[in-house]
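Residue-level structural notes
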Amino acid sequence: MTSSQTSNKQELPPTAWAVLGLLSFPGERTGYELKKWADSSLRFFYWSPAISQIYAELRRLEDLGYAASARSGPEEARAKRRYAITDAGRTALAGWARDTAEAGPPVLKHGLLLRIWLGHLSEPERLCAMVEEHRERTLAELASVREAMAHAAEVPEWAFPVLALRWSERQHLAELELADALLADLAEVRSLAGDGTGTPAGSVRQADGDAPTPG
């Protein structure tokens, strides 16, 4: 690998490595097929890039020599460009996958919890409804994860993606437990408010200090 490629390797965003990772499994795939696979695997534990991002990363990977593409022949009604990983791309990807220093900590951005945090501006009933809606979405996602697991389990080359999906199944089950616990906590807050000891929705009470936690 040249020094230029090494520099570019270090500057690649995680999305580029994710797209290259999709190409590392046997077979050639179109950008649309890569998007479908990302939607049925990556999104359960990382995220699924937009189709425009996938094509942008494919162009970048081709420029680096990490991926190659070819248009389909006249046997297909509509010409399609299929992509495959190159030897250089597989070597670079293997090096990145082994580099634990770049993995970093997991990042949690929980939109529902941000609204719970701002619960003093809402009503407990509305917050409970939001948690219930979140719980229903999580159940639907859990069903999708299990469907993807069943599909991947049929392909020996997908043994490690199955492990990632199994982790995602456990994560969704934990999310359901957290939602149930949050509903119990909200019920307690509603009970306190009913006793006249809670803070009415929308009101502001000045606490000691300028933050609810030390620091």
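For the structure itself, look to the data block above.
Numbering of residues starts from 1 in each chain and follows the order in which that chain's sequence is written. The predicted nature of this model means local features are confined to residues of pLDDT at least 70 and side-chain atom pairs, given and counted, to a pLDDT of 80 or more, with totals for whole chains, interfaces and linings taken over all residues. With hydrogens and water excluded, all non-hydrogen atoms of the structure serve as input to the side-chain values.

Looking at the packing of helix α3 (residues 31–39) against helix α4 (residues 51–64)
Axes here refer to lines fitted to C-alpha atoms; in helices the fit is confined to the stretch in contact. Angles between the N-to-C directions go from 0 to 180 degrees. Going along the chain from the N terminus, every DSSP run of H or I of four or more residues is numbered as a helix, and every run of E of two or more is numbered as a strand. For the pair α3 and α4, interaxial distance at closest approach is 9 Å and the crossing angle is 120°. Here α3 lies oblique to α4, going by the angle between them. Viewed along their axes, α3 and α4 form a crossing whose handedness is right-handed. Residues Gly31, Tyr32, Leu34 and Lys35 of α3 form the contact with α4, whose participating residues are Ile51, Ile54, Tyr55 and Leu58. Counted by class, the contact of α3 with α4 contains six nonpolar, one polar and one charged residues. Any angle from 65 to 115 degrees is called roughly perpendicular, while one under 35 is roughly parallel, one over 145 is roughly antiparallel, and all others are oblique. A crossing counts as left-handed when the near helix is turned anticlockwise from the far one by less than a right angle, and as right-handed when that turn is clockwise. Note on contacts: a residue pair qualifies if any of its non-hydrogen atoms lie within 4.5 Å across the two residues. Residues are grouped as follows: Ala, Val, Leu, Ile, Met, Phe, Trp, Tyr, Cys and Pro are nonpolar; Asp, Glu, Lys and Arg are charged; every other residue, Gly included, is polar.

Quick word on α4
Take the number of residues in a helix, subtract one, and multiply by 1.5 Å to get its expected span. Across its 14 residues, α4 extends 20 Å between first and last C-alpha, which sits within 8% of the 20 Å expected from 1.5 Å per residue. Taken together, the buried positions of α4 are occupied by Ile54, Glu57, Leu58, Leu61 and Leu64. Viewed end-on, α4 has its buried residues packed into an arc of 125°, placing them on one side of the element. Along α4, the residues that are exposed and aim more than 90 degrees away from the buried face are Arg59 and Asp63. Only protein chains enter the accessibility calculation, which uses a 1.4 Å probe; a residue is then buried when its area is under 20% of its type maximum, exposed when over 50%, and partly exposed in between. Here, the arc refers to the directions that run from the helix axis to the C-beta atoms.

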